[in-house]
Amino acid sequence: MSAITQAILPVVLLYKYWALFGITFVAALIVPIPPGTLIMASAAFSYQGYFSFGWVIAVSALGNILGDNAAYWLARQYGRIVLSRIGFRKLLASRQYQKVEARITRHPGFLIFISRFEVTINLIVNIVCGIGKVSYLKYLLFESMGEIV
């Protein structure tokens, strides 16, 4: 068990659904911590009577979906400016990045859906979709389907 998981589990047991929501929201927003371990542990705790399994699924899915959407909107509004200021100006202007952004913008569905299963790629896809101004309805549809699955 990782040190992060060891630090988070007592918080989840103490604050229950609020902690579960907050941790999954922050994990989806910006911090690459794996919420899957937390969700599995919470499901195991629900078997022991500490949680309701249905509420664990609902609260963690809601936290993930809202965190991903917040990351998308922040990237859409401020992503290019912030990334340029912290040293990624050349990357954003490169041909390779332009090709990747154009490809994701044209056909975002499968990539958004499949990226929900890997924490680091999930964060990157949220940012690129926001910066590339992918249609929000497409983003929301595929992101929600991926989180629920």
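In what follows, the accompanying structure is described. This one's a predicted model, so the numbers in the text were calculated from it and none came from an experiment.

Basis of the calculations
Residue numbers run consecutively from 1 along every chain, following the written order of its sequence. Reporting in this predicted model follows two pLDDT cut-offs: at least 70 for local features of residues, and 80 or more for side-chain atom pairs to be given and counted; totals over whole chains, interfaces and linings ignore these cut-offs and use all residues. As a rule here, side-chain values come from all non-hydrogen atoms in the structure, and water together with hydrogens is ignored. For the purposes of this entry, the term helix denotes a DSSP run of H or I that reaches at least four residues, the term strand denotes a run of E that reaches at least two, and both are numbered from the N terminus. Only protein chains enter the accessibility calculation, which uses a 1.4 Å probe. A residue is then buried if its area is under 20% of the maximum for its type, exposed if over 50%, and partly exposed in between. Should any heavy atoms of two residues lie within 4.5 Å, those residues are counted as being in contact. Computed with a 1.4 Å probe, the accessible areas rest on the Shrake-Rupley method; for each residue, only the protein chains presented here act as cover. Expected helix span is computed as 1.5 Å times (number of residues minus one). Bend, in this description, refers to the angle at a residue between axes fitted to the seven residues ending there and the seven starting there. Each patch is assembled from residues with relative accessible area greater than 30% and no salt bridge, linking like charges that lie within 9 Å and nonpolar side chains (Val, Leu, Ile, Met, Phe, Trp, Tyr) that lie within 5 Å. Think of a salt bridge as a Lys or Arg side-chain nitrogen and an Asp or Glu carboxyl oxygen that are within 4 Å of each other.

Examining the overall build of the protein chain
Part 1 of the reasoning: On a plain count of helices and strands, the protein chain comes out with 7 helices and 0 strands.
Part 2 of the reasoning: Overall, the protein chain shows an N-to-C arrangement of helices and strands of α-α-α-α-α-α-α.
Part 3 of the reasoning: For the protein chain, the spread of C-alpha atoms along the principal axes amounts to about 55 × 30 × 25 Å.
Part 4 of the reasoning: Each of the 149 residues in the protein chain was classed as buried or not, and the buried ones make up 40%.
Part 5 of the reasoning: A sequence separation of at least 24 residues applies to 74% of the contacts in the protein chain between residues at least 6 apart.
Part 6 of the reasoning: Of the roughly 9000 Å² of accessible surface on the protein chain, a fraction of 71% belongs to carbon and sulfur atoms.

Quick look at helix H1 (residues 3–29)
Part 1 of the reasoning: The terminal C-alpha atoms of H1, which comprises 27 residues, lie only 21 Å apart, well short of the 39 Å expected from a rise of 1.5 Å per residue.
Part 2 of the reasoning: The principal kink in H1, of about 130°, is found at Lys16.
Part 3 of the reasoning: Of the positions making up H1, those classed as buried are Thr5, Ile8, Leu9, Val12, Ala19, Leu20, Ile23, Thr24, Ala27 and Ala28.
Part 4 of the reasoning: Elements that come into contact with the buried residues of H1 comprise helix H2 (35–47), helix H3 (53–93) and helix H6 (119–131).

Description of a nonpolar patch on the surface
Part 1 of the reasoning: On the surface, Leu74, Tyr78, Val82, Ile86, Phe88 and Leu91 cluster together into a nonpolar patch covering about 590 Å² of accessible area.
Part 2 of the reasoning: Residue classification places Val82 among the partly exposed residues on the basis of a relative accessible area of 44%.

Remarks on the pattern of salt bridges
Part 1 of the reasoning: Per the counting criterion, the structure on display carries 2 salt bridges.
Part 2 of the reasoning: Arg116 is the partner of Asp68 in a salt bridge, and the nearest nitrogen-oxygen pair spans 2.9 Å. Of the two residues, Asp68 sits in helix H3 while Arg116 sits in the loop between helix H5 (109–115) and H6, which places them 48 residues apart along the sequence.
Part 3 of the reasoning: The exposure class assigned to Asp68 is buried, which follows from its relative accessible area of 0%.
Part 4 of the reasoning: For Arg116, a relative accessible area of 9% puts it in the buried group.
Part 5 of the reasoning: Among the ionic pairs, Arg80 bridges to Glu101, the shortest N-O distance being 3.2 Å. Here the residue Arg80 occupies a position in helix H3, and Glu101 occupies one in helix H4 (residues 95–106), the gap between them amounting to 21 residues.
Part 6 of the reasoning: Taking relative accessible area as the criterion, Arg80 reaches 33% and is therefore assigned partly exposed.
Part 7 of the reasoning: Assessed through its relative accessible area of 12%, Glu101 is described here as buried.

Observations regarding the environment of Ile127
Part 1 of the reasoning: Relative to the assigned elements, Ile127 resides in helix H6.
Part 2 of the reasoning: The spacing of Ile127 and Arg80 is 47 residues in sequence and 9.4 Å in space, taken between C-alpha atoms.
Part 3 of the reasoning: With residues near it in sequence (within four places) discarded, Ile127 still touches Ala75 and Leu83.

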